[in-house]
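# Topology and contacts: notes
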Amino acid sequence: MKFIHLSLFWGMMFMSTIALGSNTPAEKLIFRLKKIQKKGIMIGHQDDPVYGRTWKWDTGRSDVKDVCGDYPAVMGFDLGKLELGRKENLDGVSFDRMREEIIAQHARGGIVTLSWHPDNPVTEKTAWDPSGDAVKASLPHGTHRAKMREWVDKVGNFILSLKDKGGNLVPVIFRPFHEMSGGWFWWGSNSCTPEEYQQLYRVLYRRLVSMGCDNLVWAYSPNVGYDDFMKYYPGDQYVDLLGIDIYEFDKDNAKYQLSVKQCLDELAALGKQENKLIAFTETGCQGLPYADWFSQTLWPAIKDYPISYVLFWRNAWDNAKECYMTSPGHATENDFKAFYKLKKTLFVNDIK
Ligand code: BMA
């Protein structure tokens, strides 16, 4: 009897928090992502509103919008170099501008995801320097823990500065220490044990939560080529979304499709088992040599999976090889327009 009463009580409490809207911004975003996922797959693009294939730093511009008339549903930005107190990130994007664009994307009904390529705290080289045992050094009792704490606090302060007009924190999907199953980053498989990685992730999580960052939906995203997807998983309570990064670097469409399907099969099963959202957190065909790549290669490989979004990497202004999205006048333009018209590809206007 008592038990029934108690569970009824908590059930009512739960319903009323939803009804009263007293959930955290992160919880509200998770709720929204689950709802949108039933409609289709959100299309995302890294650095979408700040530069494109032939331009940089203009405002109100986007290669995606210039091709199909709408902004991507998801915009990605990277915090690399914020830890050093720089005004611009590793790709030259001003953090003030980034903040404005994150708030603008939220205001128009869109969604934002943040990654972070912090420098190597030990060697002071870039994120791509796997030497120096930097994970161990960054952990509590490590030689560089004070430095890491300062870095994390800078990230936390930036995240706490993401506020809408009403002063509410803007929710974002946060994807720190990604692609750990590869060996190229200082937090990657060549540089630490799974336990050290998990500790690094949890320390970051705890610090940001204690700073009041209740607007983060936490993503865990290995890259293709992992031996065990969950090897570095920091734990259920630290993760809201499971993701995977897969690129086509060798112009082999069939091989790309096969690895996408294999990974998404596994991801879909894990998402179900762990009751987590899943997403294709980074992808693209380097240089986009195929005019019909979006509708004929990418879409058939992902369309039947319950992924929340697919994020195409940047149309780098500083590197012609690093172009993963359509743009006006590009050979993929017409195909992307057809891709946009598919019922299940979601852009900002589809998720408002
Ligand atoms: C990588 C490349 C780099 C870039 C980094 C962070 O995958 O695109 O050129 O600096 O992402 O955006």
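Reading the values: rules and limits
- Residues numbered from 1 in each chain as written.
- Predicted model: local features only at pLDDT ≥ 70, side-chain atom pairs only at ≥ 80, totals over all residues.
- Heavy atoms only, no water.
- Helix = DSSP H or I, 4+ residues; strand = E, 2+ residues; numbered from the N terminus.
- Rg over C-alpha atoms; globule rule 2.2 N^0.38 Å.
- Buried < 20%, exposed > 50% of the residue type's maximum accessible area, 1.4 Å probe, protein only.
- Salt bridge = Lys/Arg side-chain N within 4 Å of Asp/Glu carboxyl O.
- 1 Å grid on protein atoms, 1.4 Å probe; cavity = no way out; pocket = protein on both sides within 12 Å on 5 of 7 lines; lining within 4 Å.
- Points joined across faces, edges and corners; volume = space filled by probe spheres on them.
- Disulfide = S-S within 2.5 Å.

All right, on to the overall build of the protein then. A tally of helices and strands in the protein yields eleven helices and nine strands. Scaling as 2.2 N^0.38, a compact globule of 352 residues should have a C-alpha radius of gyration of about 20 Å, and the protein matches this with 20 Å. Taken along its principal axes, the extent of the C-alpha atoms in the protein is 65 × 55 × 40 Å. Looking at the protein as a whole, 55% of its 352 residues are labelled buried.

Attention shifts here to the pattern of salt bridges. A complete count under the given rule lists 16 salt bridges for this structure. The shortest N-O distance in the salt bridge between Asp119 and Lys81 comes to 2.9 Å. In this pair, Asp119 is assigned in the loop between β3 (111-116) and α5 (134-138) and Lys81 in the loop between β2 (74-78) and α4 (95-107), connecting sequence segments 38 residues apart. A relative accessible area of 7% places Asp119 in the buried class. Judged by its relative accessible area of 15%, Lys81 falls in the buried class. Each member of the salt-bridge network shares a partner with another, and the members are Asp58, Arg61 and Asp66.

Overall, the coordinates contain one cavity of 30 Å³ or more when judged by the stated rule. Approximately 40 Å³ is the volume attributed to the largest cavity. Forming the boundary of the largest cavity are Ser138, Met148, Val152, Phe177, Leu200, Val203 and Leu204. Counting residues per element, the ones that place at least two in the lining of the largest cavity are α6 (145-160) and α7 (194-210).

In this section: the state of the cysteines. Using the criterion set out here, one finds zero disulfides in the structure. Left without a disulfide partner, Cys323 is nearest to the cysteine sulfur of Cys285, which lies 12 Å away.

Turning our attention to unusual backbone geometry. Of note, Asp133 is a non-glycine position whose phi angle comes to about 50°, a positive value. Along the chain, the position of Asp133 falls in the loop between β3 and α5. Located in the positive-phi region is Phe177, a residue other than glycine, with phi close to 45°. Tracing the chain through its elements places Phe177 in the loop between β4 (172-176) and α7.

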